[in-house]
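A look at the structure
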Amino acid sequence: METAKIGANEKGGIHRLALSDEDRVVRDWFRAACEALGCTVTIDDCGNMFARRPGKRADLDPICMGSHLDTQPTGGKFDGVLGVLAALEVMRTLHAAGFETNAPIEIVNWTNEEGARFAPAMLASGVFAGAFTRDFAYAREDRDGKTFLAELERIGYKGAEPVGQRRIGAMFELHIEQGPILEAEEKMIGVVTGVQGMRWYEVNVHGLSAHTGATPMHMRKNALLGAARMVEAIHGIALAHGPDAVGTVGLMEVEPNSRNVVPSEVFFCVDFRHPDEATLDGMEAAFRAALSAVLEPLGLTFEEKRIWRNPAVRFHPDLIACVREGAKKSGYRMRDLVSGAGHDAAYVARVAPTTMIFVPCAGGVSHNEAESTTLEECGAGAQVLLEAVLAYDQRFA
Ligand SMILES: [Zn+2]
């Protein structure tokens, strides 16, 4: 609730886009909170933050916990934030108890997880894991043309450490489920076994602007009509590849966006997800076929580009076992889940043993100001995070 004030909006949510002034304020808060526990905070040159508490053995790679502190433009209080703050709570608990782990423990705050300001999502964890180059990240622009690099420098969070150089021994990310399953089944803990595959596309549709009163219907090239039919087609493609497929158009820009002008240009984004790569290939083919089939008869032209692809991920069995053990020890009801959303952990899994823990969120609502998880649920997640980290640390005893 304290960090939720940073970028708080009147609807009870948070507007805290990556590398904004609000992001700088919450980063300063986080750094100070970690340093108050004696942690050493290191920042890499993509703005990723690592707060380290030493263990008995300096030769071991750290066991990491964390997530992200940036939000969607109308984000909730828990998406990402819970994973960082619960990690901080774990760190405070270890500190207060004077408990010495074998391996060093680190909290990580990854930059620009949401992708709301700088697409694609999970940008800086992706660079860390080698999925993108650092220069690719630096060159990303927001809709105002400001670059990731310029904004990173502006808020003072371009650190000295080269991104990806740091070693991670294991990574645990606690997150809200962002779906309705745990709540519906009255389970407290989701043992996350992997992340479904995701693909993002951008489409520009070109028509012709014309007077809405003077242009007969059959003589129009209405780019928005084409885009609207594509929204319907994309919805249908997801249904046709069900039950596990999802497809969404969540962003659209209309030019000139005037009530009495036939729209000449539309830009929209497509998001497809499925646990299986072959099905995603089928959805992609159907989408591309639909673009020609829908737009060309309307006299429209278009460009389409796949801007991002994240293959399906399986998490590490040893870490998954530690989460199960932690949930069992704490007495929480649990079930296995495959994540429907993308997470930093999906990239980190490429370079280190990684897993995730889910807790319920009310109604499965996320990326929404109404996002809500109870104190008890947040506490359960933090408790299981602590137990899982300590269970993993036992291997170094
Ligand atoms: Zn998140």
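A short tour of the structure in this document, coming up. Every chain's residues receive numbers from 1 upward, in the order its sequence appears when written. Only residues with pLDDT of 70 or above have their local features reported here, since the model is predicted, and side-chain atom pairs are shown and tallied only from 80 upward, although totals for entire chains, interfaces and linings are computed over all residues. Computation of side-chain values covers all heavy atoms of the structure but excludes hydrogens and water.

Right, let's get into the overall build of the chain. The way it works is that DSSP assigns letters per residue, a run of H or I at least four long becomes a helix, a run of E at least two long becomes a strand, and they are numbered from the N terminus. A count of helical and extended segments in the chain gives 11 helices and 15 strands. A radius of gyration in this sense is built from C-alpha atoms; the matching globule rule multiplies 2.2 Å by the number of residues raised to 0.38. The C-alpha atoms of the chain give a radius of gyration of 22 Å, which matches the 21 Å a tight globule of 397 residues would have. Its C-alpha atoms give the chain principal-axis dimensions of about 80 × 45 × 40 Å. Three exposure classes are used, based on accessible area relative to the maximum for each residue type with a 1.4 Å probe and protein chains only: buried under 20%, partly exposed in between, and exposed over 50%. Counting the 397 residues in the chain, one finds 54% classified as buried. Total accessible area computed for the chain in this model is approximately 16,700 Å², and 51% of it derives from carbon and sulfur atoms. Working convention for charge: Lys and Arg count positive, Asp and Glu count negative, and His plus the chain ends are omitted. Think of each charge as sitting on NZ of Lys, CZ of Arg, CG of Asp or CD of Glu. The chain carries 40 positive and 54 negative side-chain charges, and their two centres are separated by 1 Å. In short, Shrake-Rupley with a 1.4 Å probe defines the accessible areas, and a residue's cover is counted only from the protein chains shown.

With respect to the helices, strands and loops of the structure, Asn-48 is situated in the loop between strand 1 (40–43) and strand 2 (49–53). For Asn-48, a relative accessible area of 0% gives the class buried. In this structure Asn-48 touches Thr-42, Ile-43, Asn-109, Trp-110, Thr-111, Ala-124, Ser-125, Phe-128 and Val-163, once residues within four positions along its chain are discounted. At 2.9 Å, the side chain of Asn-48 forms a polar contact with the backbone nitrogen of Thr-111. We call two residues in contact whenever any of their non-hydrogen atoms come within 4.5 Å of each other. Residues adjacent in sequence count toward polar contacts only when both atoms are side-chain atoms; beyond that, a polar contact is any pair of N or O atoms within 3.5 Å, and within protein one must be able to donate a hydrogen and the other to accept it.

Moving on, we get to the environment of Glu-277. Along the chain, the position of Glu-277 falls in helix 8 (residues 277–295). The spacing of Glu-277 and Gly-159 is 118 residues in sequence and 36 Å in space, taken between C-alpha atoms. Residues in contact with Glu-277, not counting those within four places in the same chain, are Gly-197, Arg-199, Arg-309, Asn-310, Pro-311 and Ala-312. Within the structure, the side chain of Glu-277 is placed 3.2 Å from the side chain of Arg-199, a separation counted as a polar contact.

Take the side chain of Ser-20 next. Examined against the element boundaries, Ser-20 turns out to sit in the segment before helix 1 (21–35). By relative accessible area, Ser-20 is classed as buried at 11%. Within polar-contact distance, the side chain of Ser-20 engages the backbone oxygen of Leu-17 at 2.6 Å. Beyond its immediate chain neighbours, meaning those up to four positions away, Ser-20 contacts Arg-117, Arg-154 and Ile-155.

Before going further, it helps to examine the sheet that holds strand 9 (residues 246–255). Within a sheet, neighbouring strands are paired by backbone hydrogen bonds and run either parallel or antiparallel to one another. In space, the four strands of this open sheet follow the order 9-11-7-12, with antiparallel pairing throughout. The sheet terminates laterally at strand 9 and strand 12 (301–310), the two strands that pair on one side only. With strand direction ignored, the average angle separating the axes of adjacent strands in the sheet is 15 degrees. Contacts from helix 8 reach strand 7 (197–206), strand 9, strand 11 (265–274) and strand 12, with the element oriented near 10 degrees to strand 7. Two strands qualify as a pair provided DSSP detects at least 2 bridges between them. Structural elements are reduced to axes, namely lines fitted to C-alpha atoms, with helices fitted over the stretch in contact, and the angle between N-to-C directions of any two is expressed from 0 to 180 degrees.

Here, nonpolar core refers to any group of buried Ala, Val, Leu, Ile, Met, Phe, Trp, Tyr and Cys residues whose side-chain atoms link them within 4.5 Å. Counting 95 residues, the largest nonpolar core has Ile-107, Phe-172, Ile-189 and Leu-385 as its most contacted members. At 11 residues, helix 11 (residues 375–393) tops the list of elements feeding residues into this core. Residues contacting Phe-172, with those up to four places away along its chain left out, are Ile-63, Cys-64, Met-65, Gly-66, Leu-319, Cys-322, Val-323, Thr-355, Leu-385, Ala-388, Val-389 and Tyr-392. Formed by 24 residues, the second largest nonpolar core is a distinct cluster that contains Ile-237, Leu-280, Ala-290 and Leu-295.

Expected span, for any helix, means 1.5 Å times one less than how many residues it has. Here helix 7 (residues 223–240) contains 18 residues, and its C-alpha end-to-end distance of 25 Å stays within 8% of the 26 Å for a straight helix at 1.5 Å per residue. Among the residues of helix 7, those classed as buried are Ala-223, Gly-226, Ala-227, Met-230, Ala-233, Ile-234, Ile-237 and Ala-238. All buried residues of helix 7 project into a common sector of 135 degrees when viewed along the axis, lining one side. Residues of helix 7 that are exposed and point more than 90 degrees away from the buried face comprise Glu-232 and Leu-239. Lining the buried residues of helix 7 we find strand 7, strand 9, strand 11 and helix 8. Structurally, the start of helix 7 carries an N-cap: the backbone nitrogen of Leu-224 is 2.9 Å from a side-chain oxygen of Asn-222. Comment: arc refers to directions from the helix axis out to C-beta atoms.

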